[in-house]
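Structural characterization, general
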Amino acid sequence: MQQFAALLRKDSRPVRYLVVDDSVFARKNLIKMIEMFGGEVAGEAGDGLTAIAEYNRTKPDIVLMDITMPQMEGIEAVERIVRQHAEARIVMVSSVGYQENILAALQKGAKHFVQKPVKPEVLYEILRYVLSDDPTAAGAPVALAGEHRS
Amino acid sequence: MRMELIQPFINAADAVFAESLQAPTKIADLAMDEETYRRKGIAALILIKGEIEGRVILDLAPEVALKVATHLAGSAVEQSEQVARETVCELANMVIGNSVTLLNDQGFRFKVFPPEIHVNEQGLAGGADTEAMVICIETACGQVYLNIAMHYLHRRRQEREPASALD
């Protein structure tokens, strides 16, 4: 199994994730990777509506959001979350990776996109990138456990 | 048989299983099928409608689906038919998602319907004028079957036009 330096918040606490996917199986897969990255699962949701409620309840550092889901799709959930929480950092995770989908998600406020099947090393780099733009980190780069910082 | 429409699905299935299981896959068998498709395990059926039309079936034995689920979850999963069905659906979503991305970027416009699990004993008919290709992929968790029947909607209409004119 690949080893990853833990992705941490500026306060050196684990990054908290909200995992949104209608497939329990897909959520488990993402949670396994989050644990590999030293993160913590703040909440889970199986549709866009629940994702909004869970976001408000848990205030996660990162949301991993599927696109095609029942009740409310991921792109609409992104729009609603970002409208209320401009600082939200949402990464779309979807099997369908064509440009229209990606552009729509980014236009609604998603920070990045990763296509399924998710490769841990790809997700890791995307999370590093998204976290480095952390407004709560006041411009400081994301701390990596074991990484020397001056 | 429109190989240019079928190849993206074969490539996507191969890549999805190889990447998900972190192990090489092999196309074990490839055959044309004009008969009604009879499932071998849990089959997820996905319909595609638009400029290209057809259907794709991903078919796995329950034990193979549970092995894949265990591998992806990184821990033991509940050994239930529900988990097996959900695994097949999610795998079908990944295969279809990856293949339609390619077809969409080639300029085809179509709608993909969510996977439907097929558990009935009666078979699944292909399109009226479409033969299907059945592919058996050997994976680290066991055999996976893909049944693909796709055609161009517009080209078919054009092909029918001269015949109509003769009537």
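Use the structure listed above.
What comes next concerns the included structure.

Each value, and the rule that gives it
Numbering of residues begins from 1 in every chain and follows the order in which that chain's sequence is written. Lettering for chains starts from A, numbering for ligands starts from 1, and both go in the order in which the items are written. In keeping with the predicted nature of the model, local features appear solely for residues at pLDDT of at least 70, side-chain atom pairs appear and are counted solely at 80 or more, and the whole-chain, interface and lining totals rest on all residues. Side-chain numbers here rest on the full set of heavy atoms in the structure, without hydrogens or water. Per the convention used, a helix needs a DSSP run of H or I reaching at least four residues, while a strand needs a run of E reaching at least two, with both numbered from the N terminus. Under the scheme applied here, a residue whose accessible area is under 20% of the maximum for its type counts as buried, over 50% as exposed, and between as partly exposed, the area being computed with a 1.4 Å probe on protein chains only. Only heavy atoms matter for contacts: two residues are in contact if any of them lie within 4.5 Å across the pair. Note on areas: these come from Shrake-Rupley sampling with a 1.4 Å probe, and a residue is covered only by the protein chains present in the view. The salt bridge criterion pairs a side-chain nitrogen of Lys or Arg with a carboxyl oxygen of Asp or Glu, the two atoms within 4 Å. Stacked, edge-to-face and tilted are the three classes for Phe, Tyr and Trp ring pairs, Trp counted by its six-membered ring, which pair at centre distances within 6.5 Å; planes under 30 degrees apart are stacked, over 60 edge-to-face, the rest tilted. We call a charge positioned above a ring when the Lys NZ or Arg CZ atom is no farther than 6 Å from the ring centre and deviates by at most 35 degrees from the ring normal. Think of a 1 Å grid over just the protein atoms. A cavity is a set of points where a 1.4 Å probe fits yet cannot get out, a pocket is an open set with protein on both sides within 12 Å along at least five of seven lines, and lining residues have an atom within 4 Å of a point. Grid points are joined across faces, edges and corners, and a volume is the space filled by probe spheres set on the points. Amino acids are sorted into nonpolar (Ala, Val, Leu, Ile, Met, Phe, Trp, Tyr, Cys and Pro), charged (Asp, Glu, Lys and Arg) and polar (every other residue, Gly among them). Two parts lose some accessible area (1.4 Å probe) when they are put together, and adding that loss for both gives the buried area. As used in this structure description, the phrase polar contact means that two N or O atoms lie within 3.5 Å; if the pair is within protein, one of them must be able to donate a hydrogen and the other to accept it, and residues adjacent in sequence are counted only when both atoms belong to side chains.

What follows is about the overall build of chain A. A count of helical and extended segments in chain A gives five helices and seven strands. Along chain A, helices (α) and strands (β) appear in the sequence β-β-α-β-α-β-α-β-α-β-α-β when read from the amino end. Split into buried and exposed, the 150 residues of chain A put 55% on the buried side. Residue pairs at least 24 apart in sequence account for 63% of intrachain contacts in chain A once pairs closer than 6 positions are excluded. In the form shown here, chain A has an accessible surface area of approximately 6,900 Å², with 48% of it arising from carbon and sulfur atoms.

A complete count under the given rule lists 13 salt bridges over all chains for this structure. We note a salt bridge from Glu 79 of chain A to Arg 83 of chain A, for which the minimum N-O separation is 4.0 Å. Separated by four residues within a single helix, Glu 79 of chain A and Arg 83 of chain A lie in helix H3 (residues 74–84), roughly one turn from each other. Salt bridges linked by common partners bring Asp 21, Asp 66 and Lys 116 of chain A together with Glu 90 of chain B together as one network.

Take the environment of Cys 136 of chain B next. Residue and element names in this part refer to chain B. Looking at the element boundaries, Cys 136 is found in strand E6 (residues 132–139). Taking C-alpha positions, Cys 136 is 21 Å from Glu 86, a pair spaced 50 residues apart along the chain. Setting aside its immediate chain neighbours within four residues, Cys 136 contacts Lys 26, Ile 27, Ala 28, Asp 29, Gln 143, Val 144 and Tyr 145.

Inspection of the entire model under this criterion finds four aromatic pairs over all chains. Centre to centre, the rings of Phe 4 of chain A and Phe 37 of chain A are 5.0 Å apart; their planes meet at 80°, and the pair counts as edge-to-face. Separated by 33 residues along the polypeptide, Phe 4 of chain A in the segment before strand E1 (7–8) and Phe 37 of chain A in the loop between helix H1 (24–36) and strand E3 (40–45) bring together distant segments of the chain. Its relative accessible area of 0% is what places Phe 37 of chain A among the buried residues. In this structure an aromatic cluster arises from ring pairing among Phe 4, Phe 37 and Tyr 124 of chain A. Of note, Lys 40 of chain B hangs over the ring of Tyr 145 of chain B, and the distance from its end group to the ring centre comes to 4.7 Å.

To continue, consider empty space enclosed by the protein. Within this structure, the stated rule accounts for two cavities of 30 Å³ or more. Computed from the structure, the largest cavity encloses a volume of approximately 70 Å³. What lines the largest cavity is simply Asp 21, Phe 25, Ala 26, Asn 29, Leu 30, Lys 116, Pro 117 and Val 118 of chain A together with Glu 90 and Met 94 of chain B. Secondary-structure elements contributing two or more residues to the lining of the largest cavity are H1 of chain A together with helix H3 (81–105) of chain B. In terms of residues, the lining of the largest cavity owes the most to one element, H1 of chain A, which gives four residues. Of the residues assigned to the lining of the largest cavity, the class counts are six nonpolar, one polar and three charged.

Contact with chain A, which involves 19 residues of that partner, is made by 23 residues of chain B. Around 1,700 Å² of area is buried between chain A and chain B when both sides are counted, 56% of it from carbon and sulfur atoms. Taken together, chain A and chain B are joined by three salt bridges. Note that Glu 90 of chain B is salt-bridged to Lys 116 of chain A, the shortest N-O span being 2.9 Å. Where chain A meets chain B, there are 12 residue pairs in polar contact (both at pLDDT 80 or more). Per-class residue counts for the side of chain A that touches chain B are six nonpolar, six polar and seven charged.

Here we come to the side chain of His 85 of chain A. Of note, His 85 of chain A is situated in the loop between H3 and strand E5 (90–94). The residues contacting His 85 of chain A, other than those within four sequence positions of it, are Tyr 55, Asn 56 and Lys 59 of chain A.

In this section: unusual backbone geometry. Residues and elements named next belong to chain A. Put simply, Lys 116 and Pro 117 share a cis peptide bond, and its omega is 0°. Following the sequence through the fold, Pro 117 ends up in the loop between strand E6 (112–115) and helix H5 (120–132). Here the phi dihedral of Ser 12 falls at roughly 70°; this positive angle occurs in a residue that is not glycine. Looking at where Ser 12 falls in the secondary structure, it is placed in the loop between E1 and strand E2 (16–20). Residue Lys 59 is not a glycine yet carries a positive backbone phi of 45°.

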